[in-house]
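Remarks on the overall topology
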Amino acid sequence: MRIAYSPCPNDTFVFHAWAHGLVPGAPPLEVTFADIDVTNGLAERGAAGFDVLKVSYAVLPWILDEYALLPCGGALGRGCGPLVLTREAGLDLTGRTVAVPSERSTAYLLFRLWAADVVPGGVGEVVVMPFHEIMPAVRDGKVDAGLVIHEARFTYQDYGLHRLADMGEHWEGTTGLPIPLGAIVAKRSLGADTLRRLAESARASVRMAWDDPEASRPYVREHAQEMDRAVADQHIGLYVNEFTADLGEDGYAAVRGLLTRAAAEGLVPPVRPEALAFP
């Protein structure tokens, strides 16, 4: 099976056992590492070369005809939402320029839902830029604010920046649901039996990672670039949790809630409820 996921610690931690042939009965994986914005694009284009992809939940409305959502392996959680950062504490974002990593990301949907509630005048220009450029751009005054994800939660103060708002706090406060971030999807054309086997393999890989966290550490470090070990551990602790092993009732409710609210704001096409059902 050809799979593409990010080099972020949560993905390498989750898929380590499976990618290294340690999960009994799991199909062998050929792994490609790619930023989630790239994998979102691959899914939207229906890239023939990939059977399984890590994508943003935000992209599901465009791909569910061709891809099935696996009930495990992804990233949901509490207290792990994207942040809006500014140089000036308490900045009013009305009419301001905001840098975002993607307009097809869950972070972007959460940001737009937050802005609709708390920035009545509306933000100004939204600029898409690579994730690693956002905090320097805010620090240097190239943009007024930046929407950041993942390990930036732990490092933004190194850039002298202020947390204006936490999209996760807003989402959880208004819905009571976990924050849906990244999903694992697989081609529907593989058939129901294979899809179930893939889900079982992903779930087993998660549990093996939990059973022996040290086994995955070299793989995580190899792909985490310059990330500090403590930050990588925090990253895994936030994004790999009970929802990674099984979306469960709350997980599915969170996904449906996000896509329903985003569709009501005109941010995504509406999704048929049955389209999220796993074969």
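Figured I'd write up the structure that's included with this text. (Residues numbered from 1 in each chain as written. Predicted model: local features only at pLDDT ≥ 70, side-chain atom pairs only at ≥ 80, totals over all residues. Heavy atoms only, no water.)

**Regarding the environment of Asp250**
Using the following cut-off: A run of DSSP states H or I qualifies as a helix once it reaches four residues; a run of E qualifies as a strand once it reaches two. Both are numbered from the N-terminal end. In this description, contact between two residues means that some pair of their heavy atoms is separated by no more than 4.5 Å.
Considering the arrangement of structural elements, one finds Asp250 in helix α12 (residues 248–264). Among all residues touching Asp250, those that are not within four sequence positions of it are Arg78, Leu177, Pro178 and Phe243.

**Section: the packing of aromatic side chains**
The test is simple: Aromatic pairing here means that ring centres of Phe, Tyr or Trp (its six-membered ring) are within 6.5 Å. Orientation follows from the plane angle: under 30 degrees is stacked, over 60 is edge-to-face, and everything else is tilted. Here the term buried applies to any residue with accessible area under 20% of the maximum for its type, exposed to any over 50%, and partly exposed to those in between, with areas from a 1.4 Å probe on protein chains only.
Taken as a whole and judged by the stated rule, the model has 6 aromatic pairs. Ring centres 4.6 Å apart and planes at 15 degrees place the aromatic pair Tyr5 and Phe15 in the stacked group. Taken together, the residues Tyr5 in strand β1 (residues 2–5) and Phe15 in helix α1 (residues 9–19) connect sequence positions 10 residues apart. With relative accessibility at 1%, the residue Tyr5 sits in the buried group. Considering the side-chain rings of Phe15 and Trp18, the 6.1 Å spacing of their centres and the 35 degrees angle between planes classify their relative orientation as tilted. In this pair, Phe15 and Trp18 both sit in helix α1, 3 residues apart, roughly one turn of the helix. Accessibility assignment for this pair places Phe15 and Trp18 in one class, buried.

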